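For reference, the chains in residue letters:
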Amino acid sequence: MTTTASEAASTEEAPFFPAPRTCPFSAPPQHTAFREAGGLHKVTIWDGSTHWLATRHADIRAVLSSPSFSADVRNPDFPLVHSNQPEHEGGLFLRLDDPEHARLRQMLTKEFSVKRTQAMRENLLRITDELIDAMLAKGGPADFIRDFALPLPSRAICLILGVPYEDHGLFERHANAGTDLDVSHEERARTQREAFAYYEAFVERKRREPSDDMISRLLAHHTGPDGFAAEMMPVLVGILVGAGHETTANMLSLGTVALLVNPDQRDRLRAHPELAPSAAEEMLRYWSIVSTDPRRVALEDVEVGGQLVRRGEGVIVSLIAGNRDPRAFGANEGECPADTLDIARNARRHVAFGFGSHQCLGQNLARVEMQVAWPRLFERIPGLRLAIAEDELPFKKNSIVYGLNSLPVTW
């Protein structure tokens, strides 16, 4: 009987987590090798448990769109990112399965619709200009993350939710504790408590003094027996604030690096700012900053990519391997190879936001932020350049969200 690559892998499990990118611009070589071998592969994660790893674009989409897989971190067989994940995320709407997940999500989708986020374009352009003005006034070198990439999405999500931006220091500590895998259980729990107390007081204030913002509307129309439970509202606000700035801040900084080290692409965007939408999609595909989440656990026996996944077995998807899959990108005549950056590529098939019903809620907002930021940045600071050597850039090594710790630039 012939043994497939994935069947062979089930007897020789590979260590998986963390799987650092030895080249910061590429997928982990282990993931690339698995993808080219085909099928799913058994891997061992931080707690010694073994799960399947999906690395091909088609297999990832199959897993994430199938009702045979659960996103509920309370399932005892779920492939957890860290030990207190069930405590912090169990019961949250984004970790529920359909139809309950879809019912609650529908209450939020209008706030992040294409129409509503596109209407924010002028506000985002104003914020972008204010941040550039401040950078120019202060002079270089500057930390692009601190001075631009972090405050832009932070200010935007605070504007949408009605959260005071002056409290952004707490948001950032909370987001960092949730994504940095070097943070201790105790520190993560302490930061969670601090953030929950803040958001609890904020929600109560909005209940008493509503205004024209998302949280006020949710409190007025979508809480109670048929909506979000009152005790879950502070947690929901924390999730939206954290997700609304942490991931986009990393994308803005990584995309800027990609344009700085690929001057032909930067000059092309400056000459053709109408390429901003495709540039944003290509950056999302190229970087795939959330590369080992989402994760799932099988609710029944199901076949994916020729591999039978048994009920109770976990599946981890490698979004970056899928987004660099040559079968999905670069396969047609005239297309650039999947490992090459091409801001004119039609990359909308990427899975950087996940896939299926749990696809990222804030993806429309993130798209508009990137589409506004990069053309304006290089229009106003055409001489923007790295202030340190490329090989000295401090990429994150042990985080759920890939990015940079800092980005020194000058002009």
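Residues numbered from 1 in each chain as written. Predicted model: local features only at pLDDT ≥ 70, side-chain atom pairs only at ≥ 80, totals over all residues. Heavy atoms only, no water.

As annotated in an unreviewed UniProt entry, the protein chain is Cytochrome P450 from Streptomyces mordarskii.

Q: How would you summarise the nonpolar core if you had to cite specific residues and measurements?
A: Grouped together as the largest cluster of nonpolar side chains are 85 residues, with contacts concentrated most on L161, V163, W287, W374 and L407. Examining the composition of this core, we find that 13 residues originate from one element, helix α13 (residues 233–261), more than from any other. With 15 residues, the next largest nonpolar core counts A54, V63, A298 and V302 among its residues. (Core = buried A, V, L, I, M, F, W, Y, C linked by side-chain atoms within 4.5 Å. Buried < 20%, exposed > 50% of the residue type's maximum accessible area, 1.4 Å probe, protein only. Helix = DSSP H or I, 4+ residues; strand = E, 2+ residues; numbered from the N terminus.)

Q: How would you summarise the sheet that holds strand β11 (residues 408–410) if you had to cite specific residues and measurements?
A: Sheet strands pair by backbone hydrogen bonding; their relative direction is either parallel or antiparallel. The strand order across the open sheet formed by three strands is β5-β11-β10, and the pairing between neighbours is antiparallel. Strand pairing shows two members of the sheet lacking a second neighbour, β5 (142–143) and β10 (385–386), which therefore form its edges. In this structure, β5 lies alongside β11, joined through two bridges in antiparallel fashion. If you follow D143 over to β11, its bridge partner there is P408. (Pairing = 2+ DSSP bridges.)

Q: Please provide a residue-by-residue account of the pattern of salt bridges, values included.
A: Across all of its chains, the model carries 30 salt bridges by this definition. Among the salt bridges present, the one from D339 reaches R324, with a minimum N-O distance of 3.0 Å. Here D339 is found in the loop between α16 (319–323) and α17 (363–380), whereas its partner R324 is found in the loop between α16 and α17, with 15 residues between them in sequence. The class for R324 is buried, based on a relative accessible area of 2%. In this structure, R327 engages D325 in a salt bridge whose closest nitrogen and oxygen atoms are separated by 2.5 Å. Using a relative accessible area of 2% as the deciding quantity, one classes D325 as buried. (Salt bridge = Lys/Arg side-chain N within 4 Å of Asp/Glu carboxyl O.)

Q: Give a description of the packing of aromatic side chains that names residues and reports values.
A: On inspection of all chains with the given rule, the structure shows six aromatic pairs. For the pair F144 and F148, a centre-to-centre distance of 5.0 Å together with 25 degrees between the ring planes defines the contact as stacked. Note that F144 and F148 are positioned in helix α8 (residues 144–149) at a spacing of four residues, about one turn of the helix. For F148, a relative accessible area of 1% translates into the label buried. Geometrically, the ring pair formed by F395 and Y402 is stacked, given 6.0 Å between the ring centres and 10 degrees between the ring planes. Among the residues examined, F395 registers a relative accessible area of 7% and is labelled buried. When its relative accessible area of 8% is taken as the criterion, Y402 is described as buried. Through a chain of ring-to-ring contacts, three or more aromatic side chains come together here, namely Y286, W287, F395 and Y402. The positively charged end of R324 is found above the aromatic ring belonging to Y286, 4.3 Å away from the centroid. (Phe/Tyr/Trp six-rings, centres within 6.5 Å; stacked < 30°, edge-to-face > 60°. Lys NZ or Arg CZ within 6 Å of the ring centre and 35° of its normal.)

Q: Go over the side chain of R295, please, and point to the residues and values.
A: Inspection of the secondary structure puts R295 in strand β6 (residues 295–298). Although R295 is buried, it makes no salt bridge; D293 carries the closest opposite charge, 4.2 Å away. Reaching out from R295, the side chain makes a polar contact with the backbone oxygen of P79 at a distance of 3.3 Å. Within polar-contact distance, the side chain of R295 engages the backbone oxygen of L80 at 3.3 Å. (Lys, Arg positive; Asp, Glu negative; His and termini not counted. Polar contact = N/O pair within 3.5 Å; in protein donor to acceptor, adjacent residues only side chain to side chain.)

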